[in-house]
Amino acid sequence: MDLSQLKRRSDFEWEIPQRGAMRVPAVIYASEALMREMDQKVYEQAVNVATLPGIVKASYAMPDAHWGYGFPIGGVAAFDPAEGGVVSAGGVGFDISCGVRCLHTGLARADVMAVQKELAEMLYYRIPAGVGSTGAIHLNETEMDAMLAGGAKWAVERGWGEAADLERTEERGQMPHAKPGNVSALAKKRQRDEMGTLGSGNHYLEVQEVTEVYDEAIARAFGLARGDIVVMIHCGSRGLGHQIGTEYLKRMAIAAPQHGIRLPDRELACAPIESDVGQDYLGAMRAAINCALANRQILTHLVRKVFADVLPQARLALLYDVSHNTCKVEEHRADGGTRRLYVHRKGATRAFGPGHPDIPEALRAAGQPVLIGGSMGTGSYVLAGTGESEARSFSSACHGAGRAMSRHQALRTWKGRQVIDALASRGIVVKSPSMRGVAEEAPEAYKDVSAVVDAADLAGLAKKVARVEPLVCIKG
DNA sequence: ATGTTC
């Protein structure tokens, strides 16, 4: 990115001052090094978002921001419905409510290493992964609607999990105001056989070791200590969310001009929050959030069953489950008052600070766990929300490493086998149905997740708590 | 991300 057009507010905060059609400034949080290698498209897209009606304070980009559909991935924007604010399908992303869930195991490294290969084989055998993968669960129309309204709560009620899991899931496992009736028959059909499946791309399920602790007190509150083994699940709403995104983008492309909204980029298709299309999308998107929450809940159940067979002494308790592709109604302080805003986070993780009422009681004093998925082999991070991120980014942080190289370029550079062998030599067992997928997801095709997380920490978006590194990775 | 093609 060309930094000459930005105003440096501080070491980790860069402003694109308001000009032209921008209603607010744009703000990017990153180190100078990350800024220099960041795609120029992030600048353009953050500026474009700043022109949308009803946007409040600023259009934000996180340290892992990169080029997305309309909005940058790693983008945060909040809109006020009372000021003509909009909701945008491209501001949420195609994989609605994609997110990360982290489970304690109570195990140590030696427990896992003694059965590492068997554990990997069993997880791979029992957890469907890859494009178009289907599971053992098949939903009829009634159950589909119950799932879309009930989320993880629905899954737990049907035996896939424990009531305690819901306490540790955003929205207590059930996104309110979901409208299954707003989800098309095609979107439902695509999802009928896909519950409890991982999907593809950067989605993964990993058994990881806590290798570093940066904040002892918060780590203790989160139940994490160096040497602990955890399970991290990164996936979303599969075909259903994608279909909803596709359909509503088309409807919003038509709706925007009808409501007098001038778009600097067609991909910014949006509709006023208080319009029919806007309300329809919010109902469908919330149903997709429930789909993703239910999906991660069912996957949790499948993981528990594998551990019960392979490592029966394990006790898999949920630390937290947080999404990074959503639009949520939240109260935020802005312009001297508290306002109810529609906060879009696309490739950005909610990061509520200590004391926020939506954080589970047992974790409330420490701040919300912010789960950051790295690329396979490079490690992932647990952070905690801070009080100051409320003013900085509507309580949002980064979501992952972000690609440094296109999938195409990665395919030309590596073979899947070669990536698997290289990780095996570092003690990491990778299982995947797709060698092509593994090559595309080679660790070197991603930015350095540590640099991203350090920038998020130093910018005050969230606080570093622990680093985890994989021992077993199931890749879609 | 994605029945990898609007």
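Definitions and cut-offs
- Residues numbered from 1 in each chain as written.
- Chains lettered and ligands numbered in written order.
- Predicted model: local features only at pLDDT ≥ 70, side-chain atom pairs only at ≥ 80, totals over all residues.
- Heavy atoms only, no water.
- Helix = DSSP H or I, 4+ residues; strand = E, 2+ residues; numbered from the N terminus.
- Buried < 20%, exposed > 50% of the residue type's maximum accessible area, 1.4 Å probe, protein only.
- Contact = heavy atoms within 4.5 Å.
- Near = heavy atom within 4 Å.
- Polar contact = N/O pair within 3.5 Å; in protein donor to acceptor, adjacent residues only side chain to side chain.
- Nonpolar A, V, L, I, M, F, W, Y, C, P; charged D, E, K, R; others polar.
- 1 Å grid on protein atoms, 1.4 Å probe; cavity = no way out; pocket = protein on both sides within 12 Å on 5 of 7 lines; lining within 4 Å.
- Points joined across faces, edges and corners; volume = space filled by probe spheres on them.
- Pairing = 2+ DSSP bridges.
- Axes fitted to C-alpha atoms, helices over the stretch in contact; angles between N-to-C directions.
- Arc of directions from axis to C-beta.

S.K.: How do you make sense of the side chain of His344 when you look at a structure like this?
M.R.: Relative to the assigned elements, His344 resides in strand E13 (residues 337–346). Taking relative accessible area as the criterion, His344 reaches 1% and is therefore assigned buried. Once residues within four sequence positions are removed from consideration, His344 is found in contact with Gly75, Val76, Ala77, Phe79, Val86, Val87, Ser88, Gly91, Val92, Thr326 and Cys327.

S.K.: Looking at this structure, how should I read the environment of Arg262?
M.R.: Note on placement: Arg262 falls in the loop between helix H9 (238–258) and strand E10 (271–272). Among the residues examined, Arg262 registers a relative accessible area of 77% and is labelled exposed. For the pair Arg262 and Thr51, spaced 211 residues apart in sequence, the C-alpha to C-alpha distance is 8.9 Å.

S.K.: When you look at the protein's contact with DNA strand B in this model, what are you seeing that I'm missing?
M.R.: The local shell around DNA strand B holds 15 residues, among which Arg190, Ser200, Gly201, Asn202 and Arg238 are the closest. His242 has a polar side-chain atom sitting 3.4 Å from a base oxygen of DNA strand B. At the level of secondary structure, the elements contributing two or more residues to the surface near DNA strand B comprise helix H7 (185–191) and H9. When residues in the surface near DNA strand B are grouped by element, the largest group, three residues, is from H9. Residue composition of the surface near DNA strand B, grouped by class: three nonpolar, seven polar and five charged.

S.K.: Looking at this model, I keep getting lost on the layout of surface pockets. Mind explaining?
M.R.: Where empty space is left can be seen by rolling a probe of water-molecule size over the atoms. Considered as a void within the structure, the largest pocket measures approximately 1200 Å³ in volume. Mapped by element, the contributors of at least two residues to the lining of the largest pocket are H9 and helix H14 (435–440). In terms of residue class, the lining of the largest pocket is made up of 10 nonpolar, 25 polar and 10 charged.

S.K.: Where do I start with the sheet that holds strand E5 (residues 73–79) in this structure?
M.R.: Strand pairing in a sheet relies on backbone hydrogen bonds. The paired strands run either parallel or antiparallel. A sheet is described by the order of its strands in space; here seven strands give the open sequence E1-E2-E3-E4-E5-E13-E12, paired in mixed fashion. Bordering the open sheet on either side are strand E1 (7–10) and strand E12 (325–334), each of which pairs with just one other strand. Put simply, the sheet's adjacent strands are angled 25 degrees from each other on average, direction ignored. Summarising the sheet, E1 and strand E2 (residues 13–16) pair through three bridges and their orientation is antiparallel. Residue pairing across strands places Ser10 opposite Glu13, the latter belonging to E2. Lying on the sheet, helix H10 (residues 276–310) is in contact with E12 and E13; it crosses E12 at an angle near 110 degrees.

S.K.: How should I be thinking about unusual backbone geometry in this particular structure?
M.R.: The backbone phi angle of Lys57 is positive, close to 70 degrees, even though this residue is not glycine. One can find Lys57 in the loop between helix H2 (40–49) and strand E4 (59–66). At Ser395, a position not held by glycine, the phi torsion is positive, near 55 degrees. On the secondary structure map, Ser395 appears in the loop between helix H11 (389–393) and strand E17 (396–397). The exposure class of Ser395 is buried, given its relative accessible area of 3%.

S.K.: Would you explain helix H4 (residues 116–126) in this entry?
M.R.: An α-helix turns once every 3.6 residues. As a result, residues three or four positions apart point the same way. Three or more residues of H4 are buried, namely Gln116, Leu119, Ala120 and Leu123. Along the long axis of H4, the arc covered by the buried residues comes to 100 degrees, so they all point the same way. The exposed set on the far side of H4, more than 90 degrees from its buried face, consists of Lys117 and Tyr125.

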